[in-house]
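Examination of the molecular architecture
In case you want the letters, here they are:
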Amino acid sequence: MAKTLPRVVTWNGRGFDLPVLRLRAMVYGVPVPAWFQTGDKWNGYTQRYQPDFNCDLMEQVADYGASPRIGLQDIADLIGLPGKIGGHGSEVADMMARGELEKVRAYCESDVLTLYAAYVRWALLTGRTDPAGHNASVDSLVECLAHQRATRPHLGVFLDRWQASKRPAPMHVPLPRPTLASESPHLASEHVL
């Protein structure tokens, strides 16, 4: 982990997932020094305000609590994603108890797909990618879902619902129009009131 410095992206991960994982690591004596020792005082996985290492997308969207925190399904609805497929988080324990592992898998994978697509849109919003990078990421995801649909039908359901969405937010974003050499790339300061 220390060599590749992957970005960890979650939805409310700082409030739930990561504390649970840290406590389980403590219980079982699993060392995770890279999590705690990577970076410096201002940049690293444990730094709340540094999304380049550990991006809790819920905190980013809510501006660290400056605005209300919303659910991942709310973001999915806003940008035209299907969101959760096959249930709700409160039903997972019962599904497991009944041995419905494929339902749990479908639920969890649809959550991850939603988080990934929402992250790609956020990366565009924050300048971490450009429209071409955003669209390439979406195309890659669509290709993966289409390729896997025969063996994992819930991925096809996710893709079909996403493509059929009537939300105003498109899957792809418009690419900027190329600027001609004779065009000014910005508004000249003398034209600003």
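To be clear, the structure that these remarks concern was listed above.
Counting starts from 1 at the beginning of each chain's written sequence and moves along it residue by residue. Predicted model: local features are reported for residues with pLDDT of at least 70 only, side-chain atom pairs are reported and counted for 80 or more only, and whole-chain, interface and lining totals are derived from all residues. As a convention, hydrogens and water are excluded, and side-chain values are obtained from all of the structure's heavy atoms.

**Some thoughts on the layout of surface pockets**
Site definitions follow a grid-based scheme: protein atoms alone, a 1 Å grid, a 1.4 Å probe that fits but cannot get out for cavities, and for pockets an open set with protein on both sides within 12 Å along at least five of seven lines, plus lining residues having an atom within 4 Å of a point. Grid points are joined across faces, edges and corners, and a volume is the space filled by probe spheres set on the points. Roughly 610 Å³ of internal volume is contained in the largest pocket. Together, 19 residues line the largest pocket, and Trp11, Phe16, Asp17, Tyr107 and Asp111 are the ones closest to its centre. Among the elements of the structure, β1 (8-10), α1 (13-28), α4 (72-79) and α6 (101-125) are those that each provide at least two residues to the lining of the largest pocket. Under the scheme used here, helices are H or I runs from DSSP no shorter than 4 residues and strands are E runs no shorter than 2 residues, and both carry numbers assigned from the N terminus. A total of five residues in the lining of the largest pocket trace back to one element, the largest contributor, which is α6. By volume, the second largest pocket amounts to about 160 Å³. Lining of the second largest pocket is provided by Leu57, Gln60, Val61, Ile75, Ile79, Ala118, Arg121, Trp122 and Leu125. The biggest single contributor to the lining of the second largest pocket is α6, with four residues. Amino acids outside the nonpolar list (Ala, Val, Leu, Ile, Met, Phe, Trp, Tyr, Cys, Pro) and the charged list (Asp, Glu, Lys, Arg) are all regarded as polar, and Gly is one of them. When grouped by side-chain class, the residues that make up the lining of the second largest pocket number seven nonpolar, one polar and one charged.

**A closer look at the environment of Leu78**
Summarising the element assignment, Leu78 is placed in helix α4. Residues Leu78 and Glu100, spaced 22 residues apart in sequence, show a C-alpha to C-alpha distance of 30 Å. In what follows, residue pairs with any heavy atoms lying within 4.5 Å of each other are defined as contacts. Look past the residues within four positions of Leu78 in its chain and what remains in contact with it is Ile70, Arg167 and Ala169.

**Overview of α6**
In this model α6 runs 36 Å from its N-terminal to its C-terminal C-alpha over 25 residues, within 8% of the 36 Å that 1.5 Å per residue would give. At the C-terminal side of α6, Gly127 shows a positive phi close to 80 degrees. Each helix should span, by expectation, one fewer than its residue count multiplied by 1.5 Å.

**What about the nonpolar core?**
Trp11, Leu57, Leu81, Leu145, Phe158 and Trp162 are the most contacted members of the largest nonpolar core, which totals 27 residues. Mapped onto this core, the elements with two or more residues apiece are α3 (57-61), α4, α6, α7 (131-148) and α8 (153-163). Among the elements that take part in this core, α6 stands out by supplying seven residues, more than any other. Excluding residues within four positions of it along the chain, Leu57 makes contact with Thr10, Trp11, Leu115, Ala118, Tyr119 and Trp122. Nine residue types can take part in a nonpolar core, namely buried Ala, Val, Leu, Ile, Met, Phe, Trp, Tyr and Cys, and a core is a set of them joined through side-chain atoms within 4.5 Å. Three exposure classes are used, based on accessible area relative to the maximum for each residue type with a 1.4 Å probe and protein chains only: buried under 20%, partly exposed in between, and exposed over 50%.

**Some remarks on unusual backbone geometry**
The phi dihedral of Asn12 falls on the positive side, at around 65 degrees, and the residue is not glycine. With respect to the secondary-structure elements, Asn12 resides in the loop between β1 and α1. Residue Asn12 is classed as partly exposed on the basis of its relative accessible area, which comes to 30%. Phi at Asp63 takes a positive value of approximately 50 degrees, unusual for a residue other than glycine. Positionally, Asp63 belongs in the loop between α3 and α4. Relative accessible area serves as the criterion here: at 48%, Asp63 is assigned to the partly exposed category.

**Quick word on the packing of α4 against α6**
Each pair of packed helices gets described by two things: the angle between the helix axes and the distance between those axes. Packing of α4 against α6 brings their axes to within 10 Å, and their N-to-C directions diverge by 60 degrees. Taken as axis vectors, α4 and α6 run oblique relative to one another. In this structure, the crossing between α4 and α6 has a hand that is left-handed. Residue-level contacts link Leu72, Ile75, Ala76 and Ile79 of α4 to Asp111, Thr114, Leu115, Ala117, Ala118 and Arg121 of α6. Here the residues of the contact of α4 with α6 sort into seven nonpolar, one polar and two charged. Comment: axis = line fitted to C-alpha atoms, over the contacting stretch for helices; angle = value between 0 and 180 degrees taken between N-to-C directions. Orientation labels follow simple angle bins: below 35 degrees gives roughly parallel, above 145 gives roughly antiparallel, 65 to 115 gives roughly perpendicular, and whatever is left gives oblique. Left-handed describes a crossing whose near helix is turned anticlockwise from the far helix through less than a right angle; right-handed describes the clockwise counterpart.

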